[in-house]
Amino acid sequence: MMSHWKRNAFLWSCCLALVLAPAAFAQETPARPALHIDVPVDVKPSRVVFNMDHLAFAGDQPIGLKHMQILTQTYRERQTPLEVVAIFHSAAGYMVLNDEAYKRVRKSDIGNPYKAQIRALQEQGVQFEECVVTMKVNGWTNADLLPGVKVNAGANLRLIQLSQQGYVVLHP
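Student: Kindly report on the pairing of strand β5 (residues 127–131), identifying the contributing residues and their values.
Tutor: The element β5 is largely enclosed, with a buried count of four among its five residues. Here three bridges tie β5 to strand β6 (residues 150–152), and the two strands are oriented parallel to one another. Within β6, the position partnered with C131 by the bridge is N152. Crossover handedness for the path β5 to helix α5 (residues 132–138) to β6: right-handed.

Student: Help me get a handle on the side chain of Q117, residues and values and all.
Tutor: Checked against the element boundaries, Q117 lands in helix α4 (residues 115–123). Classification of Q117 by relative accessible area gives buried; the value is 16%. Look past the residues within four positions of Q117 in its chain and what remains in contact with it is Q61, P62, L65 and Q69.

Student: Can you explain the nonpolar core? Please cite residues and give values.
Tutor: If you look at the biggest cluster of nonpolar residues, it comprises 28 residues, and the most contacted ones within it are F50, L65, M68, F88 and F128. Among the elements of the structure, β1 (46–52), α2 (63–77), β4 (82–88), α3 (99–106) and α4 are those that each provide at least two residues to this core. Setting aside residues no more than four positions away along its own chain, F88 makes contact with M52, L65, M68, G93, M95, V96, F128, E129, E130 and C131. Counting eight residues, the second-largest nonpolar core is a separate cluster that includes V49, V85, I87 and L159.

Calculation rules
Residues numbered from 1 in each chain as written. Predicted model: local features only at pLDDT ≥ 70, side-chain atom pairs only at ≥ 80, totals over all residues. Heavy atoms only, no water. Buried < 20%, exposed > 50% of the residue type's maximum accessible area, 1.4 Å probe, protein only. Helix = DSSP H or I, 4+ residues; strand = E, 2+ residues; numbered from the N terminus. Pairing = 2+ DSSP bridges. Right-handed = clockwise from strand over helix to strand, strands pointing away. Contact = heavy atoms within 4.5 Å. Core = buried A, V, L, I, M, F, W, Y, C linked by side-chain atoms within 4.5 Å.

In structure tokens:
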């Protein structure tokens, strides 16, 4: 049996080891080299259409809306003209619904969680469109859309039209 003194000395040794162990095992992290860009991009006036036909999220954040934010910010910072059209259809069509329609369609107690991002992008000049085919399939009307969202005659036809007008199509 361990004496009272030996037991206390043992406990103190264990505590001291726990306190000093991280310092003993800590290794100095080598400095990371600076980031180097191998392919610089000269941003010129651009026309871009986002094909928002599928769901892609990083957590709760729609990737496409985030990419629109980054793109508009980059062009604004570089003082370079940019035209952006966002075409919503198919599985992502519900993202431009107003609060009441969103609650009904998504069986949700809250309104459209993307409306503030969409409004901010609209204020940056992004044009939002919804496909008439997606609307017909889902039984939606113009009154179900967020303010400022336009209805096009069909997403695929509109993508072709914009491509023919020199827009670059992105599929986030």
